[in-house]
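Architecture and fold: a report
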Protein chains: 2
Amino acid sequence: MSINPLSISQEGRRRVVIESVHPEVDCGRFPVKRTAGEKVTVEADVFGDGHDALACVLLYRKDGAGDWIEMPMRLLANDRWRGEFEVAELGCYQYTIEAWVDHFQTWRRDLMKRLAADQDVSVDLLIGARWMEEAASRARGADEIGLREGSRQLREPGEDLDKRELALNSDLADIMRQYPDRRFAVRYGKELSVTVDRPKARYSTWYEMFPRSSAAAAGAHGTFCDCERRLDYVAGMGFDVLYLPPIHPIGRTFRKGRNNVPTAGPDDVGSPWAIGSEEGGHKAIHPALGTMEDFERLVAAAAGRGIEIALDIAFQVTPDHPWVREHPEWFRKRPDGSIQYAENPPKKYQDIYPIDFETPDWKALWEELRSVFLFWAGKGVRIFRVDNPHTKAFPFWEWVIGEVRRKHPGAIFLAEAFTRPKVMYRLAKLGFTQSYTYFAWRNTKPEITQYFTELTQSTVREFFRPNLWPNTPDILPEYLQFGGRPAFIARLILAATLGASYGIYGPAFELCDNAPREPGSEEYLHSEKYEIRQRNLDDPWSLKDIVTRINRARRENAALQYDHTLRFHDVDNEMLICYSKIAPDGSSAVLVVANLDFNHTHSGWVNLHLDSLGVDHAQPFQVHDLLGEGRFLWQGSRNFVELDPKVSPAHVFRIRRKTKTERDFDYYL
Amino acid sequence: MSINPLSISQEGRRRVVIESVHPEVDCGRFPVKRTAGEKVTVEADVFGDGHDALACVLLYRKDGAGDWIEMPMRLLANDRWRGEFEVAELGCYQYTIEAWVDHFQTWRRDLMKRLAADQDVSVDLLIGARWMEEAASRARGADEIGLREGSRQLREPGEDLDKRELALNSDLADIMRQYPDRRFAVRYGKELSVTVDRPKARYSTWYEMFPRSSAAAAGAHGTFCDCERRLDYVAGMGFDVLYLPPIHPIGRTFRKGRNNVPTAGPDDVGSPWAIGSEEGGHKAIHPALGTMEDFERLVAAAAGRGIEIALDIAFQVTPDHPWVREHPEWFRKRPDGSIQYAENPPKKYQDIYPIDFETPDWKALWEELRSVFLFWAGKGVRIFRVDNPHTKAFPFWEWVIGEVRRKHPGAIFLAEAFTRPKVMYRLAKLGFTQSYTYFAWRNTKPEITQYFTELTQSTVREFFRPNLWPNTPDILPEYLQFGGRPAFIARLILAATLGASYGIYGPAFELCDNAPREPGSEEYLHSEKYEIRQRNLDDPWSLKDIVTRINRARRENAALQYDHTLRFHDVDNEMLICYSKIAPDGSSAVLVVANLDFNHTHSGWVNLHLDSLGVDHAQPFQVHDLLGEGRFLWQGSRNFVELDPKVSPAHVFRIRRKTKTERDFDYYL
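Note that the coordinates shown come from a computational prediction; the quantities given were computed from them, not determined experimentally. (Residues numbered from 1 in each chain as written. Chains lettered and ligands numbered in written order. Predicted model: local features only at pLDDT ≥ 70, side-chain atom pairs only at ≥ 80, totals over all residues. Heavy atoms only, no water.)

Looking at the overall build of chain A
Helices and strands together make up the secondary structure of chain A, namely 15 helices and 30 strands. Split into buried and exposed, the 669 residues of chain A put 59% on the buried side. A fraction of 75% describes how many contacts in chain A between residues 6 or more apart in sequence connect residues 24 or more apart. With an accessible surface of roughly 26,400 Å², chain A has 50% of that area assigned to carbon and sulfur atoms. Positive and negative side-chain charges in chain A, numbering 87 and 97 respectively, have mean positions lying 1 Å apart. (Helix = DSSP H or I, 4+ residues; strand = E, 2+ residues; numbered from the N terminus. Buried < 20%, exposed > 50% of the residue type's maximum accessible area, 1.4 Å probe, protein only. Contact = heavy atoms within 4.5 Å. Areas by Shrake-Rupley, 256 points an atom, 1.4 Å probe, with all protein chains shown as cover. Lys, Arg positive; Asp, Glu negative; His and termini not counted. Charge placed at Lys NZ, Arg CZ, Asp CG, Glu CD.)

In structure tokens:
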């Protein structure tokens with residue numbers, strides 16, 4: 001960073017300024033995120049002194065090596081320039097910008113004005129000849145010969161039509177653009193980065209379930225084999241990620257009982273997040289779930305159905321975890337010689353030891369934690385849902401995610417950090433691929449509009465990929481508790497259409513389990529965190545059909561697989577919310593109208609921003625409800641909707657821009 | 001810039017993040033601007049992982065040398081911290097931020113919670129004793145002894161009230177804050193800068209006039225001696241800067257005649273911006289104005305009346321300028337051997353040669369241009385109004401302003417760049433102290449509100465200091481042409497109250513000269529740029545009294561000497577605009593209500609944001625019109641105003657917060 005005025009020992013003739021480059025996260029400290037095949041659109045303010053024409057190019061390359069590839073940038077308005085490049089491969093791309101004063105294009109532009117004013121341009125033609133000769137000295141082959149010949153013609157005495165035509169020839173302008181004088185070109189002072197993930201980082205559909213609840217036999221402890229039998233159910237609903245809470249041995253010391261009572265009974269199964277026992281730690285499997293072979297078979301069987309297994313990585317241990325014996329220095333010691341258990345004073349969690357990231361032995365600790373990710377990657381796992389990353393040191397995450405992705409560029413990390421906004425955003429900047437959000441607590445129209453506008457229309461979108469969960473094993477929101485089945489459907493549709501990535505914790509969700517431990521609590525009664533819950537998946541009240549429909553709509557409409565095009569439209573009823581998404585290539589557009597009131601029918605007029613939907617103001621268009629299959633003909637921006645939550649709390653319309661008219665018949669003239 | 005993940009060879013235990021620092025211009029590339037005696041308020045997002053308490057300090061120093069001085073920062077909310085420091089001297093200050101995890105304060109906070117829950121804290125007291133011992137090893141003298149003694153007490157067996165009181169003692173907390181463990185402290189990655197100017201950079205009142213029009217004798221060419229006689233008039237109106245168009249010899253070749261006709265008659269005086277003749281260039285004085293001694297006497301005489309002379313520095317020359325002979329390489333040569341004159345094709349300005357900033361001899365050129373500023377600084381000039389800086393290379397400005405200010409830290413540069421917004425802002429970032437604005441063309445309420453909100457409430461305010469001109473010799477806006485005297489008064493009041501710095505081009509302004517050269521033109525008829533204009537300063541229509549009153553209001557109300565506190569208030573009439581300013585120390589508050597319609601009386605209800613005015617919602621307050629001397633008692637946010645443009649188009653109210661009530665009498669109980 002130079003904050004001193006230019007020294008006269010530097011080159012003082014670099015007259016172009018490049019600033020306000022977008023996208024750029026924290027002055028380039030962090031990369032932006034894209035998925036393979038996406039385009040990176042780059043904008044910048046580029047200008048010089050005076051009125052000379054400029055040339056501006058976007059430079060990019062992969063992995064900080066090799067020659068820069070140049071893409072043209074074009075002037076939009078108000079000194080703003082734009083260019084784009086495609087990121088085809090996983091990994092890291094760099095980009096920057098270069099610009100220079102283009103004397104030939106300045107001359108050409110001015111020549112047109114002089115000719116339009118019928119001025120004598122004989123001296124101007126000689127000036128053009130000089131620019132062409134200079135370019136010829138940088139050109140080769142036919143271009144060089146052509147430029148020299150053109151220059152010679154312009155130098156011939158007199159001023160005639162041929163010379164004017166030559167001077168303004170657009171092919172000549174194009175050739176001149178290839179041989180610019182870049183001696184005083186200005187390069188933007190930073191190389192910015194793009195992390196390129198696989199498409200699933202952007203578009204994914206998650207189902208969370210507790211393997212131990214999946215047994216067919218009543219009361220039995222479910223196993224990975226039972227999970228395998230559950231795969232068709234999960235795949236049938238259209239999920240492509242099956243996320244399992246920690247699968248490691250569960251500690252016995254201070255084990256919690258059902259409903260989180262402090263003392264477990266002899267048959268209580270304990271919390272999967274109480275990791276570690278004499279049977280092993282973060283690289284071991286809880287014996288009651290099966291063997292490593294069973295797990296690997298589950299991973300393969302899931303893959304056969306288009307499902308990836310996501311593991312929960314929770315870096316905390318029980319007093320029984322092998323690390324406590326092998327690495328006592330990784331934990332904070334109390335003056336009485338005991339190890340410091342987890343606390344949120346005055347609450348104590350004596351079954352959990354947090355790791356001390358200030359340990360002098362932090363390097364060995366980091367390496368061991370890295371080895372946990374690499375171990376499971378070795379078993380075929382590429383998706384990690386990381387538990388409470390905000391209670392571990394930030395530098396560790398940047399390092400370990402970089403390390404794992406260096407070996408496995410397709411690895412996906414979902415940050416489960418329900419904490420303050422800036423902490424959540426920082427974790428995303430440090431490398432987390434996806435992040436949990438505040439969606440569970442955003443229920444009203446102003447809340448949803450404000451939050452998702454921030455997530456999708458501000459710089460946040462460049463590094464933070466939301467993954468929306470209407471429920472989790474820790475969170476049964478009041479909206480679901482109070483609103484019953486219509487509320488579950490509304491929240492499902494909102495999650496699945498506001499977020500290109502979303503997930504549900506099932507079967508609690510699709511069976512509309514809305515019983516809290518006590519009034520005012522967001523904990524489930526008989527939470528699966530502490531006991532086995534076997535449920536009737538064939539309950540006629542199950543939402544599995546609507547889950548299947550909404551996931552099919554996501555699969556078949558690219559618009560729902562991206563977040564950046566989210567746009568809210570006005571509705572004259574505060575209980576109705578309306579928003580749209582379109583695919584980046586414009587191939588699909590989806591409009592959602594939802595009734596946020598789970599008790600009453602609401603109607604209203606939506607006021608669509610038709611341009612953002614690619615819809616002609618003058619032509620009718622069809623909206624086709626992908627859930628209810630209804631089709632409506634609309635025209636113009638104002639259109640009527642009515643939603644009865646008992647029938648369906650939302651429309652998910654595919655917009656079909658063209659509707660048939662008499663002009664479509666062959667015999668119409 | 002590091003965009004690679006942390007290496008394990010670095011320290012991995014720095015757990016705190018510092019980001020989103022404000023103020024910061026272009027990632028710290030440019031300084032922010034303040035005036036001596038102002039405070040710099042710095043905010044940042046500062047947070048760590050988990051829930052540990054943090055400590056955060058603002059560091060500052062002057063001229064990049066010496067020890068950092070530390071100021072405390074305090075947590076506002078949502079991980080946002082704030083601190084401030086005062087910039088007492090002219091020059092350049094640096095600031096940055098440092099933060100660390102504070103284990104003692106974490107422990108103390110948690111101990112309070114434990115005690116409130118009536119928990120056994122015997123082990124916790126031992127932990128506290130350990131923190132105190134560690135701090136003692138960093139302390140000296142009485143503090144060290146006290147900490148060791150306190151630690152010893154906490155270690156004594158048992159848990160009693162005395163130990164609890166000791167542990168929570170706020171003096172102990174303060175002492176502990178003085179000896180923190182900063183091994184893992186995080187320093188913000190940049191040192192940010194503040195340019196500190198003298199107060200006149202922020203608050204100044206300009207009067208522009210042509211010296212040659214100041215002669216008492218009819219038809220005579222005015223001189224610096226005539227200007228001296230005009231000083232009382234200028235000082236009487238309350239101006240503190242007298243700005244003179246270029247005072248150098250005027251070229252003869254292609255001299256323009258009256259009303260800018262291409263050929264001058266023998267008596268035509270030419271444009272002062274056509275600089276250079278055989279009598280000299282940028283360091284010479286036009287002989288008709290007087291001698292260098294006359295000029296220096298004018299500077300001194302002005303200073304005696306509290307007025308500074310501002311010179312117009314226009315880096316362009318006529319064909320007669322000495323540089324053309326001495327440094328032909330500083331100009332672009334045409335193929336016919338002639339020097340390239342100024343153009344805006346198809347328009348030609350053959351009386352002007354622009355300087356070629358791409359000359360190979362640019363270093364000598366820069367040094368000569370620097371010497372122009374230093375020459376006039378040697379004659380006592382400290383304010384430079386720079387003509388068209390946007391047509392000269394940006395790097396030159398950053399260099400030359402830095403150079404001049406190194407010798408003359410009080411030098412003020414006003415950028416006369418009427419060009420595209422990003423170019424204007426860039427010049428301000430590069431070092432221009434003040435800038436002309438689009439004020440002359442912002443007439444409606446939405447225009448004024450939007451523009452001045454951008455100038456005073458966005459990051460723009462950190463580097464761009466607006467100087468507002470309702471007219472200039474180049475700009476007679478249509479609003480003034482059409483609106484006559486009421487329009488002149490309205491625009492005067494807007495300029496003087498929206499801008500802590502403003503100026504008028506007189507006597508054309510105060511005499512309400514509103515005659516354009518032709519309809520649709522913003523040029524004055526019989527523009528002083530090309531001829532001498534002698535005027536009757538005692539014209540009864542003159543605005544000199546109102547100018548005097550508004551300038552006195554500015555002088556007596558600190559609120560009007562700052563721009564950052566500008567705030568607009570709603571009025572239910574689109575022709576009425578309402579805004580306020582308060583002094584940074586809250587000592588004065590001014591509220592302006594202006595009628596933007598120069599034809600009709602308008603009335604309406606203003607809806608004041610009372611909190612921003614420091615006014616109690618429940619108490620009446622007095623508004624005292626500093627122009628018309630009317631006084632009104634208002635209460636609450638809604639208040640009525642009516643303005644007849646023929647009487648006065650605006651109120652400029654001083655808000656007097658306390659009004660007398662019966663409680664003020666001695667005998668009130």
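Notes on the sheet that holds strand E24 (residues 576–582) of chain B
Within a beta sheet, neighbouring strands are joined by backbone hydrogen bonds and run either parallel or antiparallel to one another. Residue and element names in this part refer to chain B. The strand order E28-E27-E30-E25-E24-E23-E26-E29 describes an open sheet built from eight strands, whose pairing is antiparallel. A strand with exactly one partner marks an edge of an open sheet, and here the two such strands are strand E28 (631–635) and strand E29 (638–643). Sheet twist, expressed as the mean angle between neighbouring strand axes with direction ignored, is 30°. Looking at chain direction, strand E27 (residues 620–625) and E28 are connected through five bridges and run antiparallel. Bridge assignment links His-624 to a residue of E28, and that residue is Arg-631. Lying over the sheet, helix H12 (residues 445–457) contacts strand E23 (567–571) and E24, oriented at roughly 155° with respect to E23. (Pairing = 2+ DSSP bridges. Axes fitted to C-alpha atoms, helices over the stretch in contact; angles between N-to-C directions.)

Considerations on empty space enclosed by the protein
Where empty space is left in the structure can be found by rolling a water-sized probe over the atoms. Residue and element names in this part refer to chain B. Using the criterion set out here, one finds nine cavities of 30 Å³ or more in the structure. Counted as a void, the largest cavity has a volume near 180 Å³. The wall of the largest cavity is formed by 19 residues, among which Arg-202, Arg-461, Arg-465, Asp-563 and His-564 lie closest to the centre. Elements that contribute at least two residues to the lining of the largest cavity include exactly strand E2 (32–35) and H12. (1 Å grid on protein atoms, 1.4 Å probe; cavity = no way out; pocket = protein on both sides within 12 Å on 5 of 7 lines; lining within 4 Å. Points joined across faces, edges and corners; volume = space filled by probe spheres on them.)

Structural notes on the state of the cysteines
Here, the word disulfide means a covalent bond between the sulfur atoms of two cysteines. This model, assessed by the stated rule, comprises one disulfide over all chains. Between the sulfur of A:Cys27 and that of B:Cys27 lies a disulfide, 2.2 Å long from S to S. Where A:Cys27 bonds to B:Cys27 through sulfur, the torsion about that S-S bond is close to -100°, and the disulfide is left-handed. Of this pair, A:Cys27 sits in the loop between strand E1 (16–22) and strand E2 (32–35) while B:Cys27 is found in the loop between strand E1 (16–22) and E2, placing the two residues in two different chains. Assigned by exposure class, A:Cys27 and B:Cys27 land together as buried. (Disulfide = S-S within 2.5 Å.)

Comments concerning the relation of the copies chain A and chain B
If you rotate chain A by 180° and push it 0.0 Å along the axis, it lands on chain B with an RMSD of 0.1 Å. A rotation of that kind, with that shift, is consistent with a two-fold axis. If distances are taken from each C-alpha of chain A to the rotation axis, the shortest is found for A:Cys27, at 2.9 Å. Of the residues that chain A buries at the interface, 100% are likewise interface residues in chain B, meaning the two copies contact each other through the same surface. (Least-squares fit on C-alpha atoms with pLDDT ≥ 70 in both.)

Let's talk about the pattern of salt bridges
For the coordinates displayed, the defined rule picks out 121 salt bridges over all chains. Between A:Arg198 and A:Glu308 there is a salt bridge, and its shortest N-O distance comes to 2.6 Å. Pair noted here: A:Arg198 is in the loop between strand E10 (192–197) and strand E11 (204–208) and A:Glu308 is in strand E13 (residues 308–313), with a separation of 110 residues, a long-range link. Exposure class is identical for A:Arg198 and A:Glu308. Each is buried. Linked through salt bridges whose partners overlap, the residues forming this network are A:Glu43, A:Asp45, A:Arg80, A:Arg82 and B:Lys422. (Salt bridge = Lys/Arg side-chain N within 4 Å of Asp/Glu carboxyl O.)

Notes on helix H1 (residues 103–116) of chain B
Residue and element names in this part refer to chain B. For H1, built from 14 residues, the straight-helix expectation of 20 Å at 1.5 Å per residue is met to within 8% by its first-to-last C-alpha distance of 20 Å. By the N-cap criterion, in which a side-chain oxygen at the helix start approaches the backbone nitrogen of a residue two or three places on, H1 is capped by Asp-102, the distance to Phe-104 being 3.2 Å. In the segment just after H1, Asp-118 is the residue with positive phi, at about 60°. (Expected span 1.5 Å × (residues − 1). Polar contact = N/O pair within 3.5 Å; in protein donor to acceptor, adjacent residues only side chain to side chain.)

Overview of the sheet that holds strand E29 (residues 638–643) of chain A
Residue and element names in this part refer to chain A. Across the sheet, which stays open at both edges, the eight strands sit in the order E28-E27-E30-E25-E24-E23-E26-E29 with antiparallel pairing between neighbours. Each edge of the sheet is formed by a strand with only one pairing partner; in this case those strands are strand E28 (631–635) and E29. Averaged over all adjacent pairs, the angle separating strand axes in this sheet is 35°, with direction ignored. One ladder, built from four bridges, connects strand E27 (residues 620–625) with strand E30 (residues 650–656); its direction is antiparallel. Paired with Asp-625 across the two strands is Phe-653, which belongs to E30. In the packing of helix H12 (residues 445–457) onto the sheet, contacts are made with strand E23 (567–571) and strand E24 (576–582), and the angle to E23 comes to roughly 155°.

Some details on the side chain of B:Gln481
All names here are of chain B. If you trace the backbone, Gln-481 turns up in helix H13 (residues 478–498). Here the side chain of Gln-481 touches Leu-476 through a polar contact of 2.8 Å, landing on its backbone oxygen. Within polar-contact distance, the side chain of Gln-481 engages the backbone oxygen of Ser-521 at 2.9 Å. Leaving out residues up to four positions away in the same chain, Gln-481 has contacts with Leu-476, Asn-514, Pro-516, Ser-521 and Glu-522.

Here's the deal with the environment of B:Val324
All names here are of chain B. Following the sequence through the fold, Val-324 ends up in helix H8 (residues 322–326). Residues Val-324 and Leu-476, spaced 152 residues apart in sequence, show a C-alpha to C-alpha distance of 34 Å. The contact partners of Val-324, leaving out residues within four places of it in the chain, are Val-317, Thr-318, Pro-319, Phe-331, Ile-339 and Tyr-353.

Structural notes on the pairing of E1(A)
On a regular strand, one side chain projects to one face of the sheet and the next to the other, so that they alternate. Residues and elements named next belong to chain A. Counted residue by residue, E1 has five buried out of seven residues, so it is predominantly covered. When E1 meets strand E3 (residues 39–48), the two strands line up antiparallel, connected through five bridges. Within E3, the position partnered with Val-17 by the bridge is Phe-47.

Structural notes on the environment of A:Leu168
Residues and elements named next belong to chain A. Within the fold, Leu-168 resides in helix H4 (residues 161–168). Residue Leu-168 is classed as partly exposed on the basis of its relative accessible area, which comes to 23%. Beyond its immediate chain neighbours, meaning those up to four positions away, Leu-168 contacts Arg-108, Leu-111, Met-112 and Leu-115.

A short note on the interface of chain A and chain B
Each side of the interface is counted separately: chain A has 79 residues, and chain B has 79 residues. A buried area of about 7,000 Å², summed over both sides, lies between chain A and chain B, and 57% of it is on carbon and sulfur atoms. When the buried area of chain A at its contact with chain B is split by residue, A:Ile8, A:Glu358 and A:Lys422 rank highest and sum to 11% of it. Linking chain A with chain B are twelve salt bridges, by the criterion used here. With a closest N to O distance of 2.8 Å, A:Arg15 and B:Glu358 form a salt bridge. Between chain A and chain B we count 20 residue pairs in polar contact (both at pLDDT 80 or more) in total. (Buried area = accessible area lost by both parts, 1.4 Å probe.)

Side note on the confidence of the model for chain A
When pLDDT is low, close inspection of the predicted coordinates is not appropriate. Of all residues in chain A, 97% attain a pLDDT of 70 or more, and the chain-wide mean is 95. Overall fold confidence for the complex sits at a pTM of 0.95, while the interface term, ipTM, reaches 0.95. (pLDDT = per-residue confidence, 0-100.)

Quick look at the packing of helix H2 (residues 122–138) of chain B against helix H3 (residues 141–155) of chain B
Residue and element names in this part refer to chain B. For the pair H2 and H3, interaxial distance at closest approach is 8 Å and the crossing angle is 160°. The angle between H2 and H3 places the two elements in the roughly antiparallel class. For H2 against H3, the interelement crossing comes out left-handed. On H3, the residues touching Leu-125, Leu-126, Gly-128, Ala-129, Arg-130, Met-132, Glu-133, Ala-135, Ala-136 and Ser-137 of H2 are Glu-144, Leu-147, Arg-148, Gly-150, Ser-151, Leu-154 and Arg-155. (Parallel < 35°, antiparallel > 145°, perpendicular 65-115°, else oblique. Left-handed = near helix turned anticlockwise from the far one by under 90°.)

Observations regarding the packing of aromatic side chains
Applying the stated criterion to the full structure yields 94 aromatic pairs over all chains. When the centroid spacing of 5.2 Å and the interplanar angle of 75° are considered together, the rings of A:Phe418 and A:Tyr436 count as edge-to-face. Placement of the pair is A:Phe418 in the loop between strand E19 (412–416) and helix H11 (421–430) and A:Tyr436 in strand E20 (residues 434–436), with a sequence separation of 18 residues. Considering the side-chain rings of B:Phe85 and B:Tyr93, the 6.5 Å spacing of their centres and the 40° angle between planes classify their relative orientation as tilted. For B:Tyr93, a relative accessible area of 5% translates into the label buried. By the ring-pair criterion, three or more aromatic residues cluster together here, those being A:Phe315, A:Phe357, A:Trp362, A:Trp366, A:Phe373, A:Phe384, A:Phe396, A:Trp397, A:Trp399, A:Phe413 and A:Phe432. The lysine or arginine in question, B:Arg491, covers the ring of B:Tyr479, its NZ or CZ lying 5.6 Å from the ring centre. (Phe/Tyr/Trp six-rings, centres within 6.5 Å; stacked < 30°, edge-to-face > 60°. Lys NZ or Arg CZ within 6 Å of the ring centre and 35° of its normal.)

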